[in-house]
Amino acid sequence: MPVTGLPPYDPANIFARILRREIPAKVVHEDDFALAFHDINPQAPVHVLVIPKGAYVSQADFAAQASEAEIVGFWRAVAAVAKALGLEAPGYRTLSNMGLDAGQEVPHFHVHIFGGKPLGRMIAVD
Ligand code: AMP
């Protein structure tokens, strides 16, 4: 079971459907542990999402339930994708929304990679 306050994993969520190739995505990377594709509503010149291939609702669920091989493979993929996109030298930001207060919209764990310009403050201040 997921460890968060989120509902159990829903295999009909949009990223699960992208993993199954039921709906299209602009894929930039795929390996045994991760799939990366462009966000449909980019918030920066480069905005890519990296998702694990396993069925994990959130960051907390992934950390608690995934195997060490999945965790290592996933985070290596995040860094490899950023490098392949040319973001390593200029820099980039990774972000994962976890649960309600973060406004997580899609209940399949994902990491956003933002880059392509100076990204400003870390978080909006009220
Ligand atoms: P989050 O709020 O962290 O759950 O972010 C979900 C992200 O998924 C948003 O940035 C959306 O623009 C993005 N998104 C939703 N549907 C799709 C899709 N079909 N293809 C690519 N990105 C999507």
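See the structure shown above.
Source: prediction; values computed, not measured.

A word on the site of the ligand. Neighbouring the ligand are 16 residues; Asp-39, Asn-97, Glu-105, His-110 and His-112 lie closest to it. One of the side-chain N or O atoms of Asp-39 is found 2.5 Å from an oxygen atom in the ligand. One of the backbone nitrogen or oxygen atoms of Ile-40 is found 3.1 Å away from a nitrogen atom of the ligand. Every element with two or more residues in the shell around the ligand is listed here: α1 (14-19) and β2 (34-38). Residue composition of the shell around the ligand, grouped by class: seven nonpolar, seven polar and two charged.

Among the secondary structure elements, His-110 is positioned in the loop between β4 (92-95) and β5 (111-115). From its side chain, His-110 meets the backbone oxygen of His-108 in a polar contact 2.7 Å long. The residues contacting His-110, other than those within four sequence positions of it, are Phe-15, Leu-49, Val-50, Ile-51, Leu-95, Ser-96 and Gln-104.

Moving on to the environment of Val-111. Within the fold, Val-111 resides in strand β5. Spatially, the C-alpha atoms of Val-111 and Trp-75 are 9.4 Å apart, while their sequence positions differ by 36 residues. Discounting residues that sit within four places of it in the chain, Val-111 has contacts with Val-48, Leu-49, Val-50, Phe-74, Trp-75, Val-78, Thr-94, Leu-95 and Ser-96.

Criteria and thresholds
- Numbers given to residues run from 1 along each chain, matching the order in which its sequence is written.
- Two thresholds apply to this predicted model, a pLDDT of at least 70 for residue-level local features and 80 or more for giving and counting side-chain atom pairs, whereas whole-chain, interface and lining totals are computed over all residues.
- Only hydrogens and water are set aside; all other atoms, that is, all heavy atoms of the structure, feed into the side-chain values.
- Nearness is judged by heavy atoms alone; a residue qualifies as near a molecule or strand once a single heavy atom is within 4 Å of it.
- The definition of a polar contact used here is a pair of N or O atoms within 3.5 Å, where within protein one atom must be able to donate a hydrogen and the other to accept one, and adjacent residues in sequence count solely through side-chain atom pairs.
- Secondary structure is summarised from DSSP: a helix means a run of H or I of at least four residues, a strand means a run of E of at least two, and numbering begins at the N terminus for each.
- Each residue receives one of three labels: charged for Asp, Glu, Lys and Arg, nonpolar for Ala, Val, Leu, Ile, Met, Phe, Trp, Tyr, Cys and Pro, and polar for the others, Gly being one of them.
- Contact definition: two residues touch when any of their heavy atoms are within 4.5 Å.

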